[in-house]
Amino acid sequence: RVREWKAGDNQPADYALVWHPPVEMLQGRALKAVFALGAGVDSILSKLRDHPDMLPLSIPLFRLEDTGMGRQMQEYAVSQVLHWFRRFDDYQALKLASRWQPLPEYRADEFTIGIMGAGVLGAKVAESLQPWGFPLRVWSRSRKSWPQVQSFAGQAELGGFLQGTRVLINLLPNTAETVGIINQTLLAQLPDESYLLNLARGVHVVEEELLAALNNGKLKGAMLDVFSREPLPQESPLWAHPRVAMTPHVAAVTRPMEAIAYIAGTISRLERGESVSGQVDRQRGY
Ligand code: NDP
Ligand code: OXD
């Protein structure tokens, strides 16, 4: 039986499905597990920091793994990388200046794509970029052994990962370690005229330092789906910047039917005492 929680509902429940849950929805309930209706659990974990008794550690928190988001991220990343690779940004600028001018081609083998975050979604994006002949690399906490993808692990290898990365794609979770990670120091390590595609969280990027990198030629363009404040405030200089493109946090939305099928499957396995994936490590933050 499924019911929509409304303020004042104190009836028992075994499982809760939440996105931005009010404290009173979860507090004091003998739940078997809670499911986040998204991939990132940063908003739930940040609420838990202020209200730790909302969800005791004994109640597992699960998140969505892919459930259709992988495919959406692939569509977004492939279309944007090809847009930059085929110089459609330059051709649009030439078109606006009424100029007919063929430009030198970029070489695929020199157009290195670096993905920060090699989890469920980073893996899907890497897979979709493979057929195009771009050198691919990922950066994560633990090393990956993926065919034809160079893996860099941990803080010590971040510099090596950035060196030579022409297109930086962010698919990290928002944790204490990753907030503000795309800053002046990081951007300075990329080759000149690189590109940034932020598909993860706005707080990963220090927005003033991103603008400085765009203005000093370090970055040639940025495509942003997420922002430190959403909706992006009207006064943000990002709106008018000619080399910034954006979408309103729609890179990969939760598809209800796929999400519900996934959650129902996980509940069935939990009830049978089988092992399941997707549990959030609250200590680690993702
Ligand atoms: P996962 O948890 O599967 O993957 C996270 C990856 O980040 C892992 O590879 C992990 O390393 C790596 N990582 C975490 N912390 C660090 C660190 N400190 N240093 C280096 N690497 C680190 O997440 P998903 O792929 O499912 O999702 C990624 C994020 O995408 C979500 O957290 C969410 O913020 C964002 N998202 C955005 C959407 C949008 O519409 N814009 C939609 C859905 C998600 P390791 O593999 O070693 O654990
Ligand atoms: C998510 C999101 O994390 O929609 O699922 O951003």
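Presented here is an overview of the structure given in this document. Note that the coordinates shown come from a computational prediction; the quantities given were computed from them, not determined experimentally. All residue numbers here refer to positions counted from 1 along the written sequence of the relevant chain. In the order they appear in the text, chains get letters beginning with A and ligands get numbers beginning with 1. Since the coordinates come from a predicted model, pLDDT governs what is reported: local features require at least 70, and pairs of side-chain atoms require 80 or more to be given and counted, while whole-chain, interface and lining totals use all residues. Computation of side-chain values covers all heavy atoms of the structure but excludes hydrogens and water.

## Description of the site of ligand 1
Counted only if it meets this: One heavy atom within 4 Å of a molecule or strand makes the whole residue count as near it. Polar contacts, as used here, are pairs of N or O atoms within 3.5 Å; protein pairs need one atom able to donate a hydrogen and one able to accept it. Residues neighboring in sequence count only if both atoms are side-chain atoms. A run of DSSP states H or I qualifies as a helix once it reaches four residues; a run of E qualifies as a strand once it reaches two. Both are numbered from the N-terminal end.
Near ligand 1 lie 29 residues; those nearest to it are Arg-63, Leu-121, Ser-142, Lys-144 and Tyr-286. Glu-177 is positioned with one of its side-chain polar atoms (N or O) 2.9 Å from a nitrogen atom of ligand 1. A distance of 2.9 Å separates a nitrogen atom of ligand 1 from a polar backbone atom of Leu-199. When contributions to the shell around ligand 1 are tallied by element, the ones reaching two or more residues are helix H3 (69–85), helix H5 (120–129) and strand S5 (136–140).

## Considerations on the packing of aromatic side chains
Keep this limit in mind: Only the six-membered ring of Trp is used, alongside the rings of Phe and Tyr, when aromatic pairs are assigned; centres must lie within 6.5 Å, and planes under 30 degrees apart are stacked while those over 60 apart are edge-to-face, with the rest tilted. Relative accessibility under 20% of the residue-type maximum defines a buried residue, over 50% an exposed one, and the middle range a partly exposed one, all with a 1.4 Å probe and only protein chains included. Criterion for a charge above a ring: Arg CZ or Lys NZ at most 6 Å from the ring centre, at most 35 degrees from the ring normal.
Within the structure shown, the criterion is met by nine aromatic pairs. Here Trp-84 and Tyr-195 contribute two aromatic rings whose centre-to-centre distance is 4.6 Å and whose plane-to-plane angle is 20 degrees, an arrangement assigned as stacked. With Trp-84 in helix H3 and Tyr-195 in strand S8 (residues 194–198), this residue pair connects regions lying 111 residues apart in the sequence. Residue classification places Trp-84 among the buried residues on the basis of a relative accessible area of 4%. In textbook terms, an aromatic cluster arises when at least three aromatic residues are bridged by ring pairs, as seen for Trp-84, Phe-85, Tyr-106, Phe-111, Phe-134 and Tyr-195. It is Arg-166 that lies over the ring of Tyr-106; its NZ or CZ is 4.8 Å from the centre. Directly above the ring of Tyr-286 sits Arg-284, whose terminal nitrogen or CZ lies 3.8 Å from the centroid.

## Topic: the sheet that holds strand S10 (residues 244–246)
In plain terms, the rule: Strands qualify as paired when DSSP identifies two bridges or more between them. Note on method: axes are straight lines fitted to C-alpha atoms, helices fitted across the in-contact stretch only, with angles between N-to-C directions ranging 0 to 180 degrees.
Ordered in space as S6-S5-S4-S7-S8-S9-S10, the seven strands form an open sheet in which the pairing is parallel. The sheet is open, and its two borders are formed by strand S6 (149–153) and S10, each paired with just one other strand. Recorded for the sheet is a direction-independent mean angle of 15 degrees between the axes of neighbouring strands.

## Focus on unusual backbone geometry
With an omega dihedral of -5 degrees, the bond running from Glu-230 to Pro-231 counts as a cis peptide bond. Along the chain, the position of Pro-231 falls in the loop between strand S9 (219–224) and S10. Positioned with a positive phi, Thr-67 is a non-glycine residue whose angle comes to about 40 degrees. Relative accessible area serves as the criterion here: at 8%, Thr-67 is assigned to the buried category.

## Some words on the layout of surface pockets
Heads up, the rule is: Grid points spaced at 1 Å and placed over the protein atoms alone form the basis of the search, with a cavity being a set where a 1.4 Å probe fits but cannot get out and a pocket an open set showing protein on both sides within 12 Å along at least five of seven lines. Lining residues have an atom within 4 Å of a point. Grid points are joined across faces, edges and corners, and a volume is the space filled by probe spheres set on the points.
Taken as a whole, the second largest pocket holds about 640 Å³ of empty space. Around the second largest pocket sit 16 residues that line it, and Arg-1, Val-2, Arg-3, Ala-13 and Tyr-15 are the ones nearest its centre. A total of three residues in the lining of the second largest pocket trace back to one element, the largest contributor, which is strand S1 (residues 15–18).

## Topic: the site of ligand 2
The condition that has to hold: Only the protein chains shown count as covering a residue, and every accessible area follows the Shrake-Rupley method with a 1.4 Å probe. Under the convention adopted here, Pro, Cys and the residues Ala, Val, Leu, Ile, Met, Phe, Trp and Tyr are nonpolar, Asp, Glu, Lys and Arg are charged, and Gly plus all remaining residues are polar.
Lining the immediate environment of ligand 2, one finds Trp-19, Gly-38, Ala-39, Gly-40, Met-69, Arg-201, His-249 and Ala-252. Separating an oxygen atom of ligand 2 from a backbone N or O atom of Ala-39 is a distance of 2.7 Å. Here an oxygen atom of ligand 2 sits 2.8 Å away from a polar atom, N or O, in the main chain of Gly-40. For ligand 2, the accessible surface in isolation is 210 Å², of which the surrounding protein chains cover 85%. Broken down by class, the residue content of the shell around ligand 2 amounts to four nonpolar, three polar and one charged.

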